[in-house]
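A structural walkthrough
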Amino acid sequence: MTVTTRQKQAPEAVRPGGRQYSDRTRAERRLGWLLAGPAFVVMLAVTAYPILQAVYDSLFQYRLTAPQDREFIGLRNYAVVLTDEVFWRDLGVTLLITVVTVAVELVLGFALALVMHKALTSVRGLLRTAILVPYGIITVVSAFAWFYAFDINSGYVNHWFNWVPGISPDLNWFADTWTALFVIMASEIWKTTPFISLLLLAGLAQVPDELTEAAEVDGATWWERMRRVVLPNMKAAIMVAVLFRALDAFRIFDNIFIMTKGAYGTETLSLLAYRTSIGRLEIGLGSAISVVLFICVLLICFIAIKLFKVDLAGARGEKS
Amino acid sequence: MTAESSSRRRARGRPRTLAVLASAALLLGGCSAPEGPPVLTWYINPDAGGQAAIAAKCTEAAGGKYRIETSLLPNDAASQREQLARRLAAGDSSLDIMSLDPPFVPELAEPGFLAPVPAGTARRTTQNVVEGALTGAKWKDKLVTVPFWANTQLLWYRKSVARAAGLDMSRPVTWDQLIDAAKREKKYLGVQGALAESMTVWVNALVASGGGQIIENPDAPADQIKLGLDSPAGTKAAGIVSTIGKEGLGSPGLPTQNENTSMLLFQGSDGSFMVNWPFIWPATKDGVKGGNLKPALLADIGWGLYPQVTPGRDSAPPLGGINLGVGAASKHPDLAYQAIECIVSPGNQAEYFVTNGNPPSNTEAYNDPRVKQAFPMAATIRRSLELAKPRPQTPYYNEVSTGIQQNWAPPSAVDPRSTPESTTKFILEVLRGERLL
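Since this is a predicted model, take the numbers as computed values, not measurements. (Residues numbered from 1 in each chain as written. Chains lettered and ligands numbered in written order. Predicted model: local features only at pLDDT ≥ 70, side-chain atom pairs only at ≥ 80, totals over all residues.)

Before going further, it helps to spend a moment on the overall build of chain B. When helices and strands are counted, chain B shows 19 helices and 11 strands. Considered along the principal axes of its C-alpha atoms, chain B spans approximately 110 × 55 × 50 Å. Burial status across chain B gives 51% buried among its 437 residues. Across chain B, the fraction of contacts at a sequence separation of at least 24, relative to all contacts at a separation of at least 6, is 74%. (Helix = DSSP H or I, 4+ residues; strand = E, 2+ residues; numbered from the N terminus. Buried ≥ 20, exposed ≤ 12 C-beta atoms within 10 Å, placed from the backbone. Contact = placed C-beta atoms within 7 Å.)

Listed below in structure tokens is the structure:
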């Protein structure tokens, strides 16, 4: 409110558009631009420019090793991509990985968040550190660890779990779509559940103790307190966690690149875009796949924010 | 402010100004070109240090004319190609010398990414070079790279298994004989069934050994390429791959088996016959030396020419190796070719073979006594190189190879009646830009 008062005291300036700003407001706006400007320019350089370049390139038949054959073909690359079974198969795999990993991570992450929330103060630090260890490991390193654990030649999983029906020393996990996807998703869940649990822990901390205590006094069971008090009060945190992880999971690359390189039906859209742009050096076609992938990510954001009403500000506690 | 204090400040400021100027001069001096001969950067594929040793040797031999520095490329051939192609397309002038896998040479030569080979260098570096390596160094009948080392696959076998199966290994054997022997002895065949470049290597060798070829007109533009997979040779090749896959003769690990894992299988108690590169010999010797393998294993390993597809018809073993190319944007192409002449000298090739296990492309190097001592199978390798056939030489090799891999792996899914035809259709559609790969 101080600003408003001073605005009245300061001499007013009239902009050509008719809006009036005080000198101080103008100075603050200028300072704001000066402070945020460099970051804004960097963001434009590293995000907007490549996106626009990709959109432009996607309209050409353009192979890096045949620059002289570059030809404008309009939306033909998109037609090839959207009518090809490889694209739809890869989209299906991507969606499957996204849905399964996010769902499992949400349940496990919530359980871990509860444990961290309720842990005794003396062990809280140790517990949080232990839970966060997988998240601190570089994805490529964790992917190699999981690969070598399950590999038919070097792995120990087949020998340790020989007693489980379906697992034997001759099981080649990475030679079949479903077993390979199982390992990929297990690795992804192991690696990123701590992240989701941290977001949920922040949500749990926002639920006032008075509410759960009052429900307990009223005779509500643990399950009823969870369902009717805790979960509704941390809906914003849950939705933000789901959105962040869904966007991350949809762009999965490292785990698959290390474990199968997309072989035997384990390829996702990111890998297809990489293989087309970098492997085949087909810049036009690869850019079209990247643009489609980008649109899919935007769509997920739109669905989450508009349809499920994800409130990013609310999740940070700005509105409480 | 008094005049005195002002002059004192100026006096204090002078040394500071001088210091700043001196620092700036030093910095600028540091930015100027380093003294000494021109530096040639040689992008090498990972090895056991052999290329770096040759670089040092040739730098010394140049007597101050140039200095060769090595820069390491990624591990696998496909990633090496990706990096080099991107740098070449961007006009990177640091690509003075490049170690290139032969199948990727046409893709880089066609758009003019490689500096032309001087006539003198071409003449001097192609004498006594095995035919396959020479073919792999050319594009449209013109030498565009210089053959350095040439690789080929041999048939490696466990003498005990061959004896038990009653096979006479002093004469060429066929794939059908090996399949029967492995079945009878309940052993595994060492082949590469992973969805990787090694699958194309295997398919190409099978098709070529059967008298066919994967591409009939490799010089043609993408939309006019004719494939030779849907042929009797292609069907026979698919039959061999399919039988090994379906009958479990390649072990449960076959769908993910590459050259290294098939070597481990061969070294184990279930090993019998294996097609693989000569690196397995020094690797097995090292295993014995390190105590990981039993010494008796070395004595039990025999070698011969790549198996035949048709009895009585010479096989066409796989051809690999490395050629040396010079980037079109290099600032020192003449010096680079002088350095290449030094690198590929028969003496250096022989030493590279002995120290790193990579066979020479120059037949003269096989006469070196060090080679004969380190590789008792050197004569077989030389003979195999003479028979070897390169993989398809086309600028679209990546599409052709990946198309084959996607249709022929896992081997158990290969159907001799339909796979050659479906692979042909798939690759042609990809080449016409109608399908994703």
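So, on to the overall build of chain A. Summing up its helical and strand segments, chain A has 15 helices and four strands in all. In terms of overall size, chain A is more extended than a compact globule, its C-alpha atoms giving a radius of gyration of 26 Å where 320 residues would be expected to give roughly 20 Å. Taking as baseline every contact in chain A between residues at least 6 positions apart, the subset at least 24 positions apart corresponds to 64%. (Rg over C-alpha atoms; globule rule 2.2 N^0.38 Å.)

So, about the pairing of strand E6 (residues 146-152) of chain B. Residues and elements named next belong to chain B. With seven of seven residues buried, E6 is to be regarded as a mostly interior element. Bridge count for E6 against strand E11 (residues 319-325) is six bridges, and the pairing is antiparallel. By the bridge assignment for E11, proline 147 is matched with asparagine 323. (Pairing = 2+ DSSP bridges.)

Another aspect to go through is the nonpolar core. Soluble globular proteins tend to bury their nonpolar side chains together. Ranked by internal contacts, the top residues of the largest apolar core, which has 162 residues, are Met259 and Ile289 of chain A together with Ile97, Leu155, Met199, Ala339 and Ile340 of chain B. Here this core takes eight residues from helix H9 (residues 197-209) of chain B, the largest share from any one element. Judged by nonpolar contacts, the second largest core, of 17 residues, contains Ile196, Leu200, Ala241 and Leu243 of chain A. (Core = buried A, V, L, I, M, F, W, Y, C linked by C-beta atoms within 7 Å.)

Residues and elements named next belong to chain B. Relative to the assigned elements, threonine 284 resides in helix H12 (residues 280-289). C-alpha separation for the pair threonine 284 and glutamate 421, spaced 137 residues apart in sequence, amounts to 40 Å. The contacts of threonine 284, once residues within four sequence positions are left out, are Gln267, Leu293, Leu297, Leu298 and Ile301.

Attention shifts here to the domain arrangement of chain A. The assigned domain composition of chain A is domain 1 (2-51) and domain 2 (80-315). Taking only C-alpha atoms into account, the centre of domain 1 of chain A sits 40 Å from that of domain 2 of chain A. (Domains from an automatic or database assignment.)

Taken together, the contact pairs 24 residues of chain A with 23 residues of chain B. Broken down by secondary-structure element, the contributors of at least two residues to the side of chain A that touches chain B are helix H3 (76-82), helix H4 (85-118) and helix H13 (269-279) of chain A. Broken down by element, the side of chain A that touches chain B gets its largest block of residues, four residues, from H13 of chain A. Residues of the side of chain A that touches chain B, tallied by class, amount to 15 nonpolar, six polar and three charged. (Nonpolar A, V, L, I, M, F, W, Y, C, P; charged D, E, K, R; others polar.)

Glancing now at the confidence of the model for chain A. Residues and elements named next belong to chain A. On average, chain A scores 88 in pLDDT, and the residues at 70 or more come to 91%. Across residues 1-13, confidence stays below pLDDT 50; counting only partners more than four residues off in sequence or on other chains, it has 14 contacts. Between residues 316-320, whose pLDDT stays under 50, and residues either more than four places distant or in other chains, the model counts five contacts. (pLDDT = per-residue confidence, 0-100.)

This part is about the domain arrangement of chain B. Residue and element names in this part refer to chain B. For chain B, the assigned domains are domain 1 (39-144 + 320-386) and domain 2 (152-317 + 392-431). Inter-centroid distance (C-alpha atoms) of domain 1 to domain 2 is 26 Å. With 19 residues of domain 1 at the contact, the number on the domain 2 side is 18 residues. Of all the secondary-structure elements, those providing two or more residues to the side of domain 1 that touches domain 2 are helix H3 (77-89), helix H4 (105-109) and helix H17 (378-387). If you tally residues by element for the side of domain 1 that touches domain 2, the top one is H17, at five residues. Per-class residue counts for the side of domain 1 that touches domain 2 are 11 nonpolar, four polar and four charged.

Residue and element names in this part refer to chain A. In this model helix H14 (residues 283-307) runs 35 Å from its N-terminal to its C-terminal C-alpha over 25 residues, within 8% of the 36 Å that 1.5 Å per residue would give. All buried positions along H14 are accounted for by Ile283, Gly284, Leu285, Gly286, Ser287, Ala288, Ile289, Ser290, Val291, Val292 and Leu293. For H14, the secondary structure elements touched by its buried residues are helix H2 (23-57), strand E3 (60-61), H3 and H13. Just past H14, the residue lysine 309 takes up positive phi, approximately 55 degrees. (Expected span 1.5 Å × (residues − 1).)

Turning to the environment of proline 252 of chain B, a few remarks are in order. Here proline 252 of chain B is to be found in the loop between helix H10 (232-246) and helix H11 (259-267). Judged by C-beta crowding, with 17 C-beta atoms within 10 Å, proline 252 of chain B ranks as partly exposed. Considered as a pair, proline 252 of chain B and threonine 59 of chain B are 193 residues apart in the sequence and their alpha carbons are 49 Å apart. Once residues lying within four places of it in the same chain are set aside, the contact partners of proline 252 of chain B are Ile152, Asp170 and Asn172 of chain A.

With that settled, the discussion passes to the sheet that holds strand E8 (residues 188-190) of chain B. Whenever strands of a sheet pair, they do so through backbone hydrogen bonds, lying parallel or antiparallel. Residues and elements named next belong to chain B. A sheet is described by the order of its strands in space; here four strands give the open sequence E8-E9-E7-E10, paired in mixed fashion. Strand pairing shows two members of the sheet lacking a second neighbour, E8 and strand E10 (301-304), which therefore form its edges. Strand-to-strand twist in this sheet, taken as the mean axis angle between neighbours without regard to direction, amounts to 20 degrees. Looking at chain direction, strand E7 (residues 154-158) and strand E9 (residues 271-276) are connected through four bridges and run antiparallel. Bridged to leucine 154 within E9 is asparagine 276. Lying over the sheet, helix H8 (residues 175-185) contacts E8 and E9, oriented at roughly 150 degrees with respect to E9. (Axes fitted to C-alpha atoms, helices over the stretch in contact; angles between N-to-C directions.)

Residues and elements named next belong to chain B. In the predicted model, chain B carries a mean pLDDT of 91, and 92% of its residues have values of at least 70. Least confident of the elements in chain B is helix H1 (residues 3-31), whose mean pLDDT is 47; most confident is E7, at 98. A low-confidence stretch, residues 1-13 stays under pLDDT 50, and its non-local contacts, those more than four residues away or across chains, total one contact. Note that pLDDT drops below 50 for residues 25-32; the model gives that stretch zero contacts with residues more than four away or on any other chain. In the model output, the complex is listed with pTM 0.86 alongside ipTM 0.84.

All names here are of chain A. Two elements in contact, H13 and H14, have axes whose closest approach is 7 Å; the angle formed by their N-to-C orientations is 160 degrees. The orientation of H13 with respect to H14, classified from their angle, is roughly antiparallel. When you trace H13 past H14, the crossing you get is left-handed. In this structure, H13 uses Leu269, Ser270, Leu272, Ala273, Thr276 and Ser277 to contact H14, whose residues at the interface are Ile283, Leu285, Gly286, Ser287, Ile289, Ser290 and Leu293. Counted by class, the contact of H13 with H14 contains seven nonpolar, six polar and no charged residues. (Parallel < 35°, antiparallel > 145°, perpendicular 65-115°, else oblique. Left-handed = near helix turned anticlockwise from the far one by under 90°.)

All names here are of chain B. Read across the open sheet, the five strands follow the order E2-E1-E3-E11-E6; overall the sheet is mixed. Only two strands of the sheet have a single partner each, and these edge strands are strand E2 (67-72) and E6. Mean inter-strand twist for the sheet, computed between neighbouring axes without regard to direction, equals 15 degrees. Here strand E1 (residues 39-44) pairs with strand E3 (residues 97-100) via two bridges, running parallel. Opposite tryptophan 42, over in E3, you have isoleucine 97 as the bridge partner. Across the sheet, helix H2 (residues 50-61) touches E1, E2 and E3, and the angle it forms with E2 is around 165 degrees.

Our next topic: the packing of H4 of chain A against helix H11 (residues 235-250) of chain A. Residues and elements named next belong to chain A. At a minimum axis distance of 9 Å, the contact between H4 and H11 shows a crossing angle of 145 degrees. As H4 runs across H11, the sense of the crossing is right-handed. Where H4 approaches H11, its residues Thr94, Ile97, Thr98, Thr101, Val102, Glu105 and Leu106 are matched on the opposing element by Val242, Arg245, Ala246, Ala249 and Phe250.

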